[in-house]
Each structure stands twice: as structure tokens, then as C-alpha cells.
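Fold and contact review
Spelled out from the first residue to the last, the chains are:
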Amino acid sequence: STQSTWEIARDMLALRPDDPLLWCALGEATSDKQYFIKAWDMSNRRLARSMRSLARLCSQKEQWEESIQYYDNALALNPMFGANWFSLGHACMKTEKWLRAAHSFTRVVQLDPENGEAWSNLGAIFLRLGKLKEAFRAMGESMRLMEYSWRVKDNFFRVAVEVEDFQQAGRALIALLEMEGHRYKMDFPYLSRLVNGMIAEINQTEAKQTLANQLIERLAGTYTDVPEIYNTCAAFYEETDCIQKAFDFLIKQERALKIKDWKNVPEHFLEVVAVAKKHSELARKSKDIMLLGQSSRALMNTIKASRENFSKYKELEEMMQWQQEIETLQAQVLNG
């Protein structure tokens, strides 16, 4: 126990009062700074353990500036002690000394290249410093070493989007969704940047096309009744000329939006109208009799449910006009 350790150190100090190791042991037993400082002074500032223990104590009390000072003293004596570099880096992050933190964690991975947590911290620091390529490399190492950490995968996904490596970002996001499923809280601006980037590259190789389709299928299979996901899927399929799939996702998006109190809340009503406009335009563009019919029915249902509270909105008139245009086009298609 701590009490017995304290008693042993006290009794031995009665016999060897000039032993710095015993004063250090007393400090560790009592969590009293003065004993560590006494051990340091008695060792002629050569006992790294006293500074290491004092730095650890300061960290526990969130006295970060003092902690940094004491870790510096310990590392000046033993620069090969990787755990000290890690703890120093942590203290520097707490005090937003980002360059010092980067140096500390760089030393950690030099001493222990398999330290995934150090690579992760280094990546986060480089990201703060705006060093995207360095952050990407560090987070890649972290993901390799910490394959079961969803947070590491999430960080890598984001930095891969930042450096516009959309293939790596796509693979990381698929792995995230496999691991976390619908529990993963999607960052929709990042998702939009990723999907737009993948669309831009989709015709470069068959592998890129396959990965993009896998991601969209994974998104659709993971999240249900999430309008933003359906919107992303619809946009992807429209850009890749899969009109039927794009249309289907727009209809799903409209239904998901109608789960909200859209009949009474103007903001939600306008969200529904925006999607209705998209699927009506897509149906008219396709001139497909099935899509025209589906869009027409969806519009009629929305118009009917909107009349009570939104009769003075110009959007209601616009929807009626779209519906009439679809009916006209339906007749033309049927009559050849």
C-alpha cells in the first residue's frame, strides 16, 4: 500500500538520508513535490527519475507548463526514453505549443515506429499546422497500426479529403461504415467533397468506378430515412447517367423529408418542394412514362397536403405548373 511504501522510505532515509533514490521514493509515496526536488538537488541534477515523476505529478494536476519544464530536464539526461517524449508531446498539445508537440511525437515515432497513438497525435498536430501532406502520411501510419480505432479512420478520412486523395478517403469511409454502421455521425460537407471528387475521377480507371459505386451502395445500405444521404446518392447517380437510380433516391429523399412536420413548418415545406422540383425535372428530362407517372403522383400528394397552410406560397403554384407539364408530356409520350 501507499502507507507502507511511505513507512519503508521514511525508515530507510533515517539510515541513508543522502540517498536521492529514497527521497524520490518518498515523493512517489506521498505525491509531494518537495521530495522530488530534494532528490534532484541531492543527485546534483543527475536523477532523471525524480524529474520524470515530478512531471507526471504535475500532469495529473494539469499543471502543464511545470510538467513541460520537468520533462525537459528528464529528457536532457535520457533522450532515448520514448514514454517521456510522448508525455511531453501531450503536455505541449494541452498548452497549444504545436511545433514543440510535433517535435516530441516525431521523436516518439523515431524511437518506436509502431506507436500508433503517437502517429495519430502527430497527424492531428500537422493538420493544425496546415501541413496536409505530413498529416496524411502520419494518419496513414496510425490507421495501419490502429485498425480497430474508428476515430483514427475518421481522422484519416478527413485528411485524405483535404489532400484530395479521394480513393484513400473512400476506402477509409467504407471501412468506417463497416465498423460503426449507422452509429457513425456523418460529416455531410466532407461527404459531399468526397463524392464530387470521386465523380470527377470516375472515368479514369475501372477501379475508381468500382470504389465509387461501392461507397454509394454502402451509404444507401447503412442509413435509412436520412435525407442528406439520399440526396448524395441521387446526385451521384445523376452525374453518372443512372437516371432511374437517381430518380428513386430523390423519391426516397422526399419521403424522408416528409417524416418531419413539413405540413406546418415553412422551412420543411420548402425542403420538400426543392426535392419535388428535382424529381419532376429528372422525369421530364428522361421522358420515361414510369418516372413521369411516379413524379406526377408525388407532386399531386404534396400539392394536396400543402393547400391548407401554404396556399399563398408561390411554390405551391410552381408545383401545380410542374404537375401540369408532366401530364402534358405523358400524353405526348403515350400518343407517340
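Above this note sits the structure.
Keep in mind that what you see is a predicted model, and the values were worked out from it rather than measured.

1. Observations concerning the side chain of N121
Note that N121 resides in helix α8 (residues 116-128). If we skip the residues at most four places from it in the chain, N121 touches F86, M93 and F105.

2. Describing the side chain of S142
Inspection of the secondary structure assignment puts S142 in helix α9 (residues 132-145). One polar contact links the side chain of S142 to the main-chain carbonyl oxygen of G116, over a distance of 3.3 Å.

3. Quick notes on the pattern of salt bridges
Taken as a whole and assessed by the stated rule, the structure comprises 17 salt bridges. Residue E66 is joined to K33 by a salt bridge in which the shortest nitrogen-to-oxygen separation is 3.2 Å. In this pair, E66 sits in helix α5 (residues 64-77) while K33 sits in helix α3 (residues 33-42), placing the two residues 33 residues apart along the sequence. For K33, a relative accessible area of 21% corresponds to the partly exposed category. A salt bridge links R284 to E325; the shortest N-O distance between them is 2.4 Å. Placement of the pair is R284 in helix α16 (residues 266-286) and E325 in helix α18 (residues 314-334), with a sequence separation of 41 residues. If you follow the salt bridges from partner to partner, you end up with E114, E141 and R144 in one network.

4. What to know about the packing of α16 against helix α17 (residues 289-310)
Put simply, α16 and α17 touch, their axes get as near as 10 Å, and they point 155° apart. Judged by the angle between their axes, α16 and α17 are roughly antiparallel. Crossing handedness for the pair α16 and α17: left-handed. Where α16 approaches α17, its residues P266, F269, V272, A276, H279, S280, A283, R284 and S286 are matched on the opposing element by L291, L292, S295, A298, L299, T302, S306 and F310. By residue class, the composition of the contact of α16 with α17 is 10 nonpolar, 6 polar and 1 charged.

5. Observations regarding the environment of V163
Within the secondary structure layout, V163 lies in the loop between α10 (150-162) and α11 (166-180). Leave out the neighbours within four places in its chain, and V163 touches L132, K133 and F136.

6. Here we look at helix α14 (residues 227-239)
With 13 residues, α14 ought to run about 18 Å at 1.5 Å a step, and its terminal C-alpha atoms sit 18 Å apart, in line with that. Taken together, the buried positions of α14 are occupied by P227, I229, Y230, T232, C233, A234, F236 and Y237. Buried residues along α14 sit against α12 (188-201), α13 (206-222) and α15 (243-257). Looking one or two residues beyond α14, the residue adopting positive phi is D241, at roughly 60°.

7. Thoughts on the nonpolar core
F157, L173, L194, L219 and M319 are the most contacted members of the largest nonpolar core, which has 98 residues in total. Sequence-distant contacts of F157, that is, excluding residues within four places in its chain, are made with A169, A172, L173, L176, Y184, Y190, L191 and L194.

8. Description of a negative patch on the surface
A contiguous patch of negative charge on the surface is contributed by E238, E239, D241 and E281. Mapped onto the secondary structure, E239 falls in helix α14. E239 gets classed as exposed once you look at its relative accessible area, which sits at 55%.

9. Some remarks on the environment of A172
Of note, A172 is situated in helix α11. Counting along the chain gives 29 residues from A172 to M143, while the straight-line C-alpha distance between them is 9.1 Å.

10. Considering unusual backbone geometry
Although it is not a glycine, E96 adopts a positive phi angle of roughly 60°. Along the chain, E96 falls in the loop between α6 (82-94) and α7 (98-111). Among the residues examined, E96 registers a relative accessible area of 57% and is labelled exposed. Of note in this structure, D225 is not a glycine but carries a positive phi near 60°. Looking at the element boundaries, D225 is found in the loop between α13 and α14. Given the relative accessible area of 47%, D225 is considered partly exposed.

11. Concerning the packing of aromatic side chains
All chains considered together, the criterion is met by 10 aromatic pairs. With 5.9 Å between their ring centres and 25° between their planes, W23 and Y35 make a pair best called stacked. Residue W23 is located in helix α2 (residues 20-30), and its partner Y35 is located in helix α3; the two are separated by 12 residues in the primary sequence. Accessibility classification places W23 together with Y35 in one group, the buried group. Sitting above the plane of the Y190 ring, R158 keeps its charged end 5.3 Å from the centroid. The ring centre of F249 lies 4.9 Å from the NZ or CZ of K252, which sits over that ring.

Definitions and limits used
Residues numbered from 1 in each chain as written. Predicted model: local features only at pLDDT ≥ 70, side-chain atom pairs only at ≥ 80, totals over all residues. Heavy atoms only, no water. Helix = DSSP H or I, 4+ residues; strand = E, 2+ residues; numbered from the N terminus. Contact = heavy atoms within 4.5 Å. Polar contact = N/O pair within 3.5 Å; in protein donor to acceptor, adjacent residues only side chain to side chain. Salt bridge = Lys/Arg side-chain N within 4 Å of Asp/Glu carboxyl O. Buried < 20%, exposed > 50% of the residue type's maximum accessible area, 1.4 Å probe, protein only. Axes fitted to C-alpha atoms, helices over the stretch in contact; angles between N-to-C directions. Parallel < 35°, antiparallel > 145°, perpendicular 65-115°, else oblique. Left-handed = near helix turned anticlockwise from the far one by under 90°. Nonpolar A, V, L, I, M, F, W, Y, C, P; charged D, E, K, R; others polar. Expected span 1.5 Å × (residues − 1). Core = buried A, V, L, I, M, F, W, Y, C linked by side-chain atoms within 4.5 Å. Patch = residues over 30% accessible without salt bridge, like charges linked within 9 Å, V, L, I, M, F, W, Y side chains within 5 Å. Areas by Shrake-Rupley, 256 points an atom, 1.4 Å probe, with all protein chains shown as cover. Lys, Arg positive; Asp, Glu negative; His and termini not counted. Charge placed at Lys NZ, Arg CZ, Asp CG, Glu CD. Phe/Tyr/Trp six-rings, centres within 6.5 Å; stacked < 30°, edge-to-face > 60°. Lys NZ or Arg CZ within 6 Å of the ring centre and 35° of its normal.

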